[in-house]
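Each chain, letter by letter, is given below.
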Amino acid sequence: MDGILFTQQLLDWYDANRRDLPWRRAPEPYAVWVSEIMAQQTQMDRVVGYFERWMERFPDIHALARAHEEDVLKLWEGLGYYSRARNMLKAASVLAVDHDGVFPSDPAAIRSLPGVGEYTAGAIASIAFGLPEPAVDANVLRVFARVLDLDQPVRSGETRAVVAETVRSLMPDDRAGDFTQALMELGALVCSKNPRCGDCPVSGQCAALSADTVSRRPVLPVPGKTTRINMATGVLVHEGRVLIQKRLPDDVWPGLWEFPGGGIEQGETPEQTVAREYMEEVELAVEPVEDITTLTYAYTRYRVTMHCFLCRFADGSGEPVFNEAVTGGFVPPQDLSGYAFPSGHRRLIQFMKADSRFADLFSDS
DNA sequence: AAAACGTGGCT
DNA sequence: TAGCCAAGTTT
């Protein structure tokens, strides 16, 4: 393969086809960092809105370093992989204290930040600082699995090393950041799962295209099995307010809020599950009085069916004791928008807001 | 080193 | 519909 030609063709294509993303207009290090963390395992189109809200709220390192986790999580709500947001808060503290609020250009210093791995360090170094550091993400692996017609598992350490070295050898000294983004842009827009080889600027140098093995590249790992879960949750209403609790650290969705509930056990009805979970989690006797809805959602390898019920106190009233939460309490339903919820619970709230049966609960008075 | 960690859109 | 999978990192 002709490296000079490959790089030139790719950059020319990028100049003509790059998407207009907000952090590309003025790639300063803080903005590049924010965009790269948000982009991890997330499609660019979804990142844009979150990025703009984030930059508005936390415009620089110092603003972020001063932020509360509660506010950071609320801004991140719906993006998933919330440890990214918590790690950014930790990293902002490191940057403010150890680097005086100035984003470091040293690749090793970048790599040492919480939440910054091999890929992200290379991306920031090249895009924000113009350094010739490779950034090998799934796009880049896919592109070179085809260009080089690699028959090894694409996620193996060996493949990653080969691809990183290839990227290094192709990297132009004057446009490192554009080259990094061009490779990923090509993977996202052209050399995708279902590739559009007719539109590819480097199809003339693609070994897989010549060998007619494009559809077999990259060689992916066998996916893990998904698990189905049935859950039940209850919205306890008392004197016009609803009970929510904040999830524990070292669990799924740490620090996010939720309505109490849990898995439906063998022989239980969803209503019985809600009553049992309320007793276990918050030591309250409740009775489900109305079926709100049943919704499904997915997280990591789980597919969840969640049965949702409106609940009342079984014996008039009571004080919650939070056995399986950091804290919690009764809040006015109008205030729920101020808390970060996992998507399933967020959708439950939206459902109730849109359902006339619960109009009085969400009315402003 | 395998598994956990979210979510929504597309096929 | 049931996967597939997206600018990965951490443990």
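Residues numbered from 1 in each chain as written. Chains lettered and ligands numbered in written order. Predicted model: local features only at pLDDT ≥ 70, side-chain atom pairs only at ≥ 80, totals over all residues. Heavy atoms only, no water.

Caption draft 1: Geometry of the domain arrangement of chain A. Split by domain assignment, chain A resolves into domain 1 (3-216) and domain 2 (227-362). A straight line from the C-alpha centre of domain 1 to that of domain 2 covers 38 Å. Every contact between the two is made by six residues of domain 1 and, on the other side, twelve residues of domain 2. Looking only at domain 1, the three residues that lose the most surface to domain 2 are Glu 70, Lys 74 and Glu 77, adding up to 55% of its buried area. The closest approach of N and O atoms between Glu 70 and Lys 246, which form a salt bridge, is 2.7 Å. Remark: the boundary between domain 1 and domain 2 carries seven residue pairs in polar contact (both at pLDDT 80 or more). Sort the elements by how many residues they give to the side of domain 1 that touches domain 2 and helix α6 (residues 69-76) lands first, with three residues. Each residue belonging to the side of domain 1 that touches domain 2 can be placed in one class, and the counts come to two nonpolar, no polar and four charged. (Domains from an automatic or database assignment. Contact = heavy atoms within 4.5 Å. Buried area = accessible area lost by both parts, 1.4 Å probe. Salt bridge = Lys/Arg side-chain N within 4 Å of Asp/Glu carboxyl O. Polar contact = N/O pair within 3.5 Å; in protein donor to acceptor, adjacent residues only side chain to side chain. Helix = DSSP H or I, 4+ residues; strand = E, 2+ residues; numbered from the N terminus. Nonpolar A, V, L, I, M, F, W, Y, C, P; charged D, E, K, R; others polar.)

Caption draft 2: Region of interest: the pairing of strand β1 (residues 227-238). Taken together, the ten bridges between β1 and strand β6 (residues 302-313) define a ladder with parallel strand orientation. Across the sheet, Val 235 pairs through a bridge with Leu 310, a residue of β6. Across three bridges, the pairing between β1 and strand β4 (residues 261-263) is antiparallel. Across the sheet, the residue bridging to Thr 233 is Gly 261, located in β4. Here β1 pairs with strand β2 (residues 241-246) via two bridges, running antiparallel. Each bridged residue has a counterpart across the sheet, and for His 238 the counterpart in β2 is Arg 241. The antiparallel hairpin formed by β1 and β2 contains two residues in its connecting segment, where Glu 239 sits at a positive phi of about 50°. (Pairing = 2+ DSSP bridges.)

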